[in-house]
Structure formats: C-alpha cells, structure tokens
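# Fold and contact review
Okay, here's what each chain looks like letter by letter:
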Amino acid sequence: AIALSFLVVLLGRIVTQGASTFVVHSISVQVPLDPARIDRTALEGVNYDLMVADAVLAKLGEKDDDFGTKSEAVKDLMSPDFGFQLLNMVKADSSLIGKTVTVSGPLRANADLYFKGEIKRSSPEEERTLSNQQLDWLDALKSSGAVKTGFNTGFFTKSDSTEPEQAGVLGAVVGSAMMLLVTAFLAVPIGVMAAVYLEEFAPKNKWTDVIEVNINNLAAVPSIVYGLLGLGLFINTLGVPRSSPLLGGLVLALMALPTVIIATRSSLKAVPPSIREAALGVGASRTQAVFHHVLPLAMPGVMTGSILALAHALGETAPLLMIGMVSFVPGVPHSFDQAATVLPVQVFIWENASERAFHERTAAAIMVLLVFMILMNAVAIIVRRRFERRW
C-alpha cells in the first residue's frame, strides 16, 4: 500500500506537470513584406521578427513609439519561428516582397504559460517575466479570437531547440530507437549464445565457475562503470564517434549482456531433462537436441529476459552522460555514427534548463519514456503468457 501510494503520487505529479505541454496557443499573423525594409542582396540580415511584431501591433490597433519599445515588447510574445518562416518564404520566392503573407505558429513560451495559468496577473509586475502591458495585449488577442488553442503536435514532430515552444522529442525518440537497435543486435545474439554454451556445452571446471561468478557480479555493477568503460575503450582506444547511437548501443549492450545471459540460462534450466534425453534417444546429436528442441522451448523466457534488459537499457542515463551524449542536438540523426540524443538524456537536459517552460516539457518527455517502457514490459508479459509452457 505504501509503495502504491508513492507510485500514485509520483505519476500524478508527472502527469499534472506535463499535461499542459500537449496544449499549445498559436496565432496567425498577416505580415506586409515592405520592400523598403528588405535588402534583396542580404535576405538573411533582415529583421523579420520586428516585421512580425509590427504586424501584431497593427492587429491590436496600436503603433510603435519613436524608441521602438512596443515592438520589442511584442517580439517577446512571438516565437522566433515566425521570422524563420518569413525568411524561408522570401528565399523560396522573392516575388512575395511587396505583398502580404500569412504566417502561423505558437506564441512564445512565457505567453503560452500565461494562458495556461502558470504566470498570474495577480503577481507583482517586477516578479513576472511579462509586463502589465504585455498581458493586456495577450488578453486583447485572446478576446478577439486571434489566439487559438490546440493540440501540440510539434512536441512529437520537432527536435530539441533553445526555444521551449519549439522543442520536441522527435530527435530523442529516433536516437533512442537507433541506439536500442544496436543494443539488441549485439546483446541478444551474443548473450543467448554465451548462455547456451555455458549451460549446455561448457565443461564444469574452475574456469567456467569463475566466468559464472563474474557474470553474476557484472549484473550488479553500477551503470556508470559501463560508461567509464565505454569512454576508455570505445572512444579513446577504438575511436568510435562520440555521442552517436552506435557508441551508446555498444555501451548499453555491455550492460545488458549479463541480464540476457542470466535470463537465458534460467530459461534453459527450466526445460525438463526428459526433452534432452528423448532427443538424444532417437539419435539426435547434442547440438541438434539443444538447438532443435531445448532452445525453442526456452525461447519465451529468453525473449522476456531480452526485452526487459532492453527496457532497462532504454531508461539509463549515467553511462550515456559519460560518453558525451549530453550535448545539444537540434536535429534528427540520419546515421548510426551521427551525433544524437536519447530520451533519458533529453529529460536531464531540459530539467537543468533555466527557462520555466522547459520544466513542463521535462515531465512530458518522462511520460513519453514511461509509455515506451510500459509497452516493452507489456510485450514481455504477453510473450511470456502466450508461449509459456508448464511442465
């Protein structure tokens, strides 16, 4: 009961903090592309964010002052993504200069937090990141219907960003999947074959006893030790690219191997000796008896142990920090030797970010990670129950 109560509190805290991430407040703005403000010879040097801010001021029925303070204040409410959209439009079609175009996107993180109730007007102005005038503008945009509320699909379709409203988990999900592929490709076949040899073919002597003791001890070694091993062996000695899914997969494969070996040996021991004896009695060789009869019957336990080992590896952070996967990676990895990030490290990076909006995204990323781990554990349970045989 105590354990369940702590679990409920933990999950409740994560869900309540991260649920707001899946709600986004966006706006569409019609921006005149004034030819006098755009240098055709240097399109990337134009202040498109200021043009967006002026368009929003016009939408509010206000004009900027001589010092440009109002436009600067509005810029703090609009995501920089609007300016990048205008730049890409002009670069793709320069004939748009002199016309009015429409850009849509999310409000900046602080404005989004205000609509979510995280920033309150009742707080003293000097303690808020938004001024009273900025809050008045946001209320006016909301009441006019310019601000729309919807599901934050960008959280799943975008990668990491320095701006909270543009940050997503796509790059981390892809990086985790690629890393798990490397881990599974190495740990499962090597671990299963090692277990089969130790259980079925290896002679019982002091050397196999030493190996068995070491395997059991390795299963209890802290994960950060594997990170140190990966740093010294794979990076400094073999020159594997730092912060890549290949490197992360190699390190986690070493960590998962003892678990796979132990689970496989337990599954092989659970097969009745009569199966082996019957196979040998009808003329099968020892190898045929093991690979044609014993191993297939032990496969449900082998698959369960392998899936649980991979699920454990998915949630590891310490060894990945040791091999440099803590770096900021804004894109999606396209190869196994390219720099990437993974979900546990993404959670670590966002939790240590100074912006308040990153904290809700931390909880949302934890929810995504938990979904992956629950699915993997569910698959292990289904496989176990579906193929398990009682003797």
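See the structure shown above.
The present account deals with the structure reproduced in this document. (Residues numbered from 1 in each chain as written. Predicted model: local features only at pLDDT ≥ 70, side-chain atom pairs only at ≥ 80, totals over all residues. Heavy atoms only, no water.)

## Topic: the nonpolar core
Rules: In this description, a nonpolar core means a group of buried Ala, Val, Leu, Ile, Met, Phe, Trp, Tyr and Cys residues linked to one another through side-chain atoms lying within 4.5 Å. For the exposure calls, accessible area comes from a 1.4 Å probe over protein chains only, and a residue counts as buried if that area is under 20% of its type's maximum, exposed if over 50%, partly exposed in between. In this description a helix means any DSSP run of H or I spanning at least four residues, a strand means any run of E spanning at least two, and both kinds are numbered starting from the N terminus. Contacts: residue pairs with any heavy atoms within 4.5 Å of one another.
Val-29, Met-78 and Leu-138 are the most contacted members of the largest nonpolar core, which has 41 residues in total. Elements that contribute at least two residues to this core include exactly strand 1 (23-32), helix 2 (48-59), helix 3 (69-75), helix 4 (81-92), strand 2 (100-106), helix 5 (109-115) and helix 6 (132-143). Tallying contributions element by element places helix 2 first for this core, with seven residues. Not counting residues within four places of it along the chain, the set of residues in contact with Val-29 comprises Val-52, Ala-55, Val-56, Met-78, Phe-82, Val-101, Thr-102 and Val-103. Of all hydrophobic cores here, the second largest spans 21 residues; its members include Leu-343, Trp-350, Leu-369 and Met-376.

## Things to note about a nonpolar patch on the surface
Keep this limit in mind: Only residues above 30% relative accessible area that lack a salt bridge enter a patch, with like-charged residues linked at up to 9 Å and the nonpolar side chains Val, Leu, Ile, Met, Phe, Trp and Tyr linked at up to 5 Å. Using the Shrake-Rupley algorithm and a 1.4 Å probe, accessible areas are obtained, with residue cover drawn only from the displayed protein chains. Think of a salt bridge as a Lys or Arg side-chain nitrogen and an Asp or Glu carboxyl oxygen that are within 4 Å of each other.
On the surface, a cluster of nonpolar side chains totalling about 530 Å² of accessible area is made up of Leu-4, Leu-7, Leu-10, Leu-11, Leu-370 and Ile-374. Listing elements by their share of the nonpolar patch, those giving two or more residues are helix 1 (2-18) and helix 16 (357-387). For the nonpolar patch, the leading source of residues is helix 1, giving four residues. Checked against the element boundaries, Leu-10 lands in helix 1.

## A word on the environment of Glu-277
Here Glu-277 is to be found in helix 12 (residues 273-281). On the basis of relative accessibility, which here comes to 55%, the residue Glu-277 falls in the exposed class. Residues Glu-277 and Ala-289, spaced twelve residues apart in sequence, show a C-alpha to C-alpha distance of 8.5 Å.

## Quick word on the sheet that holds strand 2
We count it as follows: Strand pairing is defined by DSSP finding a minimum of two bridges between the two strands. Only the contacting stretch of a helix is used when fitting its axis, a line to C-alpha atoms as for every element, and angles between N-to-C directions run 0 to 180 degrees.
The strand order 2-1-3 describes an open sheet built from three strands, whose pairing is antiparallel. A single partner strand is all that each edge strand has here, and the edge strands are strand 2 and strand 3 (147-151). Direction aside, the axes of adjacent strands within the sheet are offset by 30° on average. Bridge analysis of strand 1 against strand 3 gives five bridges, and the strand direction is antiparallel. Bridge pairing links His-25 to Thr-149 in strand 3.

## Considering the pairing of strand 1
One ladder, built from seven bridges, connects strand 1 with strand 2; its direction is antiparallel. Paired with Val-29 across the strands is Val-103, a residue of strand 2.

## A look at helix 6
One turn of an α-helix holds 3.6 residues; hence residues three or four places apart share an orientation. As a reminder, the rule being used: Here the expected span of a helix is defined as 1.5 Å times the quantity of residues minus one. As used here, the arc is the angular range of directions from the helix axis to the C-beta atoms.
A rise of 1.5 Å per residue sets the reference length of helix 6, with its twelve residues, at 16 Å; its end C-alpha atoms lie 16 Å apart and thus fit the reference within 8%. Turning to helix 6, its buried residues number three or more, namely Gln-134, Leu-135, Trp-137, Leu-138 and Leu-141. Buried residues of helix 6 fall within an arc of 160° about the axis and therefore sit on the same side. Residues of helix 6 that are buried in the fold lie against strand 1, helix 2, helix 3, helix 5 and strand 3. Note on helix 6: the residue one or two positions beyond its end, Gly-145, has a positive phi of about 85°.

## Regarding the packing of helix 15 (residues 343-351) against helix 16
What counts is decided by this rule: Our angle categories are set so that under 35 degrees counts as roughly parallel, over 145 as roughly antiparallel, 65 to 115 as roughly perpendicular, and the remainder as oblique. A crossing counts as left-handed when the near helix is turned anticlockwise from the far one by less than a right angle, and as right-handed when that turn is clockwise. For this classification, the nonpolar set comprises Ala, Val, Leu, Ile, Met, Phe, Trp, Tyr, Cys and Pro, the charged set comprises Asp, Glu, Lys and Arg, and every other residue, Gly included, is treated as polar.
Relative to each other, helix 15 and helix 16 sit at 165°, their axes nearing to 8 Å. By the criterion of interaxial angle, the relationship of helix 15 to helix 16 is roughly antiparallel. When you trace helix 15 past helix 16, the crossing you get is left-handed. Here helix 15 contributes Leu-343, Pro-344, Val-347, Trp-350 and Glu-351 to the contact with helix 16, which in turn contributes Phe-358, His-359, Arg-361, Thr-362, Ala-365, Ile-366, Val-368, Leu-369 and Phe-372. Grouping the constituent residues of the contact of helix 15 with helix 16 by class yields ten nonpolar, two polar and two charged.

## Remarks on the pattern of salt bridges
One pass over the structure, following the stated rule, counts 14 salt bridges. Between Glu-200 and Arg-276 there is a salt bridge, and its shortest N-O distance comes to 2.8 Å. Highlighted residues: Glu-200 in helix 8 (residues 170-201) and Arg-276 in helix 12, separated in sequence by 76 residues. Beyond isolated ion pairs, a larger network of salt bridges with shared partners links Asp-112, Lys-116, Glu-360 and Arg-361.

## Concerning the side chain of Gln-134
Its location among the elements puts Gln-134 in helix 6. Sequence-distant contacts of Gln-134, defined by excluding residues within four places in its chain, comprise Ala-73, Asp-76, Leu-77 and Thr-129.

## Description of unusual backbone geometry
The phi torsion at Ser-243 lies on the positive side, around 60°, for a residue other than glycine. By the element assignment, Ser-243 lies in the loop between helix 10 (223-235) and helix 11 (245-270). Take Ser-243: its relative accessible area is 4%, and that puts it in the buried class.

## As for the packing of helix 2 against helix 4
Closest axis-to-axis distance for the helix 2/helix 4 pair is 8 Å, and the angle between their directions is 110°. With respect to each other, helix 2 and helix 4 are oriented roughly perpendicular. As helix 2 packs across helix 4, the resulting crossing turns out to be right-handed. On the side of helix 2, the interface is formed by Tyr-48, Asp-49 and Val-52, while helix 4 contributes Phe-82, Gly-83, Leu-86, Leu-87 and Val-90. Residue composition of the contact of helix 2 with helix 4, by class: six nonpolar, one polar and one charged.

## What about the packing of aromatic side chains?
Quick reminder of the rule: Only the six-membered ring of Trp is used, alongside the rings of Phe and Tyr, when aromatic pairs are assigned; centres must lie within 6.5 Å, and planes under 30 degrees apart are stacked while those over 60 apart are edge-to-face, with the rest tilted.
Counting across every chain of the model gives nine aromatic pairs. The interplanar angle of 10° and the centroid separation of 5.8 Å between the aromatic rings of Phe-22 and Phe-156 together place this pair among those described as stacked. Placement of Phe-22 in the loop between helix 1 and strand 1 and of Phe-156 in helix 7 (residues 154-157) is noted, with a sequence separation of 134 residues between them. Phe-22 gets classed as buried once you look at its relative accessible area, which sits at 16%. An angle of 10° between the planes, with centres 6.2 Å apart, marks the rings of Phe-151 and Phe-156 as stacked. Judged by its relative accessible area of 35%, Phe-156 is partly exposed. By way of ring pairs, the aromatic residues Phe-22, Phe-151, Phe-155, Phe-156, Trp-350 and Phe-358 are connected into one cluster.

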